[in-house]
Amino acid sequence: MSGAWRRTAAGAGLLSASGEVAPTIFAEMSALAARTGAINLGQGFPDQDGPDVVLEAAREAIARGANQYPPGRGIPDLLAAISEHQQRFYGLSVDPDREVIVTAGATEALAATLLALIDSPDDEVVVFEPFYDSYAAIIALSGARLRTVPLRRPDFQPDLAELAAAVSDRTRIILVNDPHNPTGTVFSAQVQQEIVRLADRHDAIIVTDEVYEHLTFDSAHVPIATLPGAAERTLTISSAGKTFSVTGWKIGWVHGPAALITAALTVKQFLTYVNGSPFQPAVAVGLRLGEDYFRGAASAFADKHALLGDGLRAAGFTVSPPQGGYFTVADATALGGADAAAFCRELPERAGVVAIPLSAFVLPEHRDDYAGLVRFAACKKREVLEEAVERLGSL
């Protein structure tokens, strides 16, 4: 391993002090769940399959021979389906031939985009904290500097003055995750408008991670690209995994101005090149499902969060109700969980449930700001959540 890569990997938290791959809290907690028989509400993957028609479309694609490399940008039918989806739900006009690429999940879309668009070690990427853990790693690998804007209880909306202070002429990218993982917040119209204003003022690119776009509970999702003046500087990322409960398929996409998409494609072709040939036509089928499916998915998740939230409150947690996504955040301080990381390591033995401390999603120097906060995944069968709630009642 070269010295430069070793330094970058260490700075991103990818290596331990001994030079080995650093274990993540997710791997640790999943191992604890397996060892103790605890219910794993730590990692955000569903425990049931997606719609039968989508699964059957993948089987049919395999049977008819869609098992070799697809086109580099993605199969034409999926590119068309993504374009149709954006027009249907958000009124966005997307050229399927020039303004979309299919990727190995949203994570590769993020990696290809950031690696393509970072020009200099002086470039900065503004991220809302807590953040999906791959963000810091990708930014470090790109060579840019990470700037964070805190999201605080009770509503996890950013302070507009702090946001304005974080964005400068050094800002190359403002990275927005909305609906947000891990907090479950949905950014207000005022926050979205300020992001666009600041990006325009400082000539920054907006990159949005919208994988939970169809899992909002109080109102319909509003992509930043729909705001006046935003589309020409915004790259919108999403994926099939969360919407259709097929996280293992790793089919994502990014769309935006053709020049920016071409830059991302230039990097993407040297990452995975292509992926998921038989899954791409199946995702196209999913994106064309009727309104009932999408409304039903959001409603089902809202019900699961309500069940989980009620159970957590009954157990003694203080709950921050999510507005979207897979996760509910709760404060365990009243249960002796002021140190959330220690609390989560003890929880499988105490109550037979696994969760993740919110401190896993922040920079080390900011962990004290999120002490006591724990993330629980609601993307499980209802009977699993009922059993978890019953076990947590023992606290």
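Residues numbered from 1 in each chain as written. Predicted model: local features only at pLDDT ≥ 70, side-chain atom pairs only at ≥ 80, totals over all residues. Heavy atoms only, no water.

Helix and strand counts for the chain come out as 13 helices and 13 strands. For the chain, the C-alpha radius of gyration of 21 Å lies close to 21 Å, the compact-globule estimate for 395 residues. Projected onto the principal axes, the alpha-carbon positions of the chain cover approximately 55 × 50 × 45 Å. For the chain, long-range pairs separated by at least 24 residues make up 74% of all intrachain contacts whose partners lie at least 6 apart in sequence. Between the centroid of the 32 positive side chains of the chain and the centroid of its 47 negative side chains there is a distance of 3 Å. (Helix = DSSP H or I, 4+ residues; strand = E, 2+ residues; numbered from the N terminus. Rg over C-alpha atoms; globule rule 2.2 N^0.38 Å. Contact = heavy atoms within 4.5 Å. Lys, Arg positive; Asp, Glu negative; His and termini not counted. Charge placed at Lys NZ, Arg CZ, Asp CG, Glu CD.)

Following the UniProt record, the feature "domain: Aminotransferase class I/classII large" (unreviewed entry) maps to residues 38–392 here. Secondary structure across residues 38–392 divides into 39% helix and 16% strand, with the first and last C-alpha atoms of the span separated by 11 Å. (UniProt positions renumbered as here; feature names shortened; annotations may be inferred.)

Now for the pattern of salt bridges. Opposite charge on two side chains permits them to pair, given that their charged atoms come into close proximity. Following the criterion strictly, the structure yields 21 salt bridges and no others. Residues Arg147 and Glu124 are paired through a salt bridge, measuring 3.4 Å at the closest nitrogen-oxygen approach. Here Glu124 lies in strand 3 (residues 124–129) and Arg147 lies in strand 4 (residues 145–150), a separation of 23 residues in the sequence. By relative accessible area, Glu124 is classed as buried at 4%. A salt bridge links Asp331 to Arg153; the nearest nitrogen and oxygen atoms lie 2.7 Å apart. Of this pair, Asp331 sits in strand 10 (residues 327–331) while Arg153 sits in the loop between strand 4 and helix 7 (160–166); the two residues are 178 residues apart in sequence, bridging distant segments of the chain. Residue class for Arg153 comes out partly exposed when judged on its relative accessible area of 34%. One salt-bridge network, in which partners are shared between bridges, spans Asp77, Glu84 and Arg288. (Salt bridge = Lys/Arg side-chain N within 4 Å of Asp/Glu carboxyl O. Buried < 20%, exposed > 50% of the residue type's maximum accessible area, 1.4 Å probe, protein only.)

A separate point is the sheet that holds strand 5 (residues 171–177). Working definition: the strands of a sheet are paired by backbone hydrogen bonds and lie parallel or antiparallel to each other. Within the open sheet, the 7 strands sit side by side as 2-8-7-6-5-3-4. Their pairing is mixed. The open sheet terminates on both sides in strands that have one partner only, identified here as strand 2 (100–103) and strand 4. Ignoring strand direction, the axes of neighbouring strands in this sheet form an average angle of 20°. Where strand 5 lies against strand 6 (residues 205–209), 5 bridges are found, and the strand directions are parallel. Residue Ile173 lies in a different strand from strand 6, and its bridge partner there is Ile205. Where helix 4 (residues 76–90) meets the sheet, its contacts fall on strand 2, strand 7 (234–239) and strand 8 (252–255), and the angle it forms with strand 2 comes to roughly 115°. Sitting on the sheet, helix 8 (residues 189–202) is in contact with strand 3, strand 5 and strand 6, with an inclination near 165° to strand 5. (Pairing = 2+ DSSP bridges. Axes fitted to C-alpha atoms, helices over the stretch in contact; angles between N-to-C directions.)

What follows concerns unusual backbone geometry. Residue Pro179 is reached from Asp178 by a cis peptide bond, and omega for that bond is -5°. Tracing the backbone shows Pro179 in the loop between strand 5 and helix 8. Cis peptide bonds are those with omega within 30 degrees of zero, and the linkage from Asn181 to Pro182 qualifies with 20°. Along the chain, the position of Pro182 falls in the loop between strand 5 and helix 8. Within the chain, Ser245 stands out as a residue other than glycine whose phi angle is a positive 55°. Checked against the element boundaries, Ser245 lands in the loop between strand 7 and strand 8. Ser245 gets classed as buried once you look at its relative accessible area, which sits at 18%. Residue Tyr273 is not a glycine yet carries a positive backbone phi of 70°. Mapped onto the fold, Tyr273 is located in the loop between helix 9 (258–268) and helix 10 (279–287). Tyr273 sits in the partly exposed class, given a relative accessible area of 39%.

We now examine the sheet that holds strand 9 (residues 318–320). Strand order in this open sheet of 4 strands is 9-10-13-12, and the pairing throughout is antiparallel. Two strands bound the open sheet, and with one partner strand each, they are strand 9 and strand 12 (356–357). Summarising the sheet, strand 9 and strand 10 pair through 3 bridges and their orientation is antiparallel. Paired with Thr318 across the bridge in strand 10 is Asp331. In the packing of helix 12 (residues 340–351) onto the sheet, contacts are made with strand 12 and strand 13 (373–377), and the angle to strand 13 comes to roughly 45°.

The next subject is the confidence of the model for the chain. Averaged over every residue, the pLDDT of the chain is 94; the share at 70 or more is 94%. A low-confidence stretch, residues 1–7 (pLDDT under 50), is modelled with 6 contacts involving residues beyond four sequence positions or located in other chains. (pLDDT = per-residue confidence, 0-100.)

This next bit is on the pairing of strand 6. The element strand 6 is extensively covered by neighbouring structure, given that 5 of its 5 residues are classed as buried. Burial of strand 6 is two-sided: the residues Ile205, Val207 and Asp209 facing one way and the residues Ile206 and Thr208 facing the other way are all buried. Viewed along the sheet, the connection from strand 5 through helix 8 into strand 6 turns out right-handed. (Right-handed = clockwise from strand over helix to strand, strands pointing away.)

This brings us to the packing of helix 5 (residues 105–117) against helix 6 (residues 134–142). Geometry of a packed helix pair, given as the angle between the helix axes and the separation of the axes. At a minimum axis distance of 9 Å, the contact between helix 5 and helix 6 shows a crossing angle of 30°. Of the possible angle classes, the one that applies to helix 5 and helix 6 is roughly parallel. Crossing hand, helix 5 versus helix 6: right-handed. Contacts between helix 5 and helix 6 involve Thr107, Leu110, Ala111, Leu114 and Leu115 from the first element and Ser134, Tyr135, Ile138, Ile139, Leu141 and Ser142 from the second. The residue inventory of the contact of helix 5 with helix 6, partitioned by class, reads 8 nonpolar, 3 polar and no charged. (Parallel < 35°, antiparallel > 145°, perpendicular 65-115°, else oblique. Left-handed = near helix turned anticlockwise from the far one by under 90°. Nonpolar A, V, L, I, M, F, W, Y, C, P; charged D, E, K, R; others polar.)

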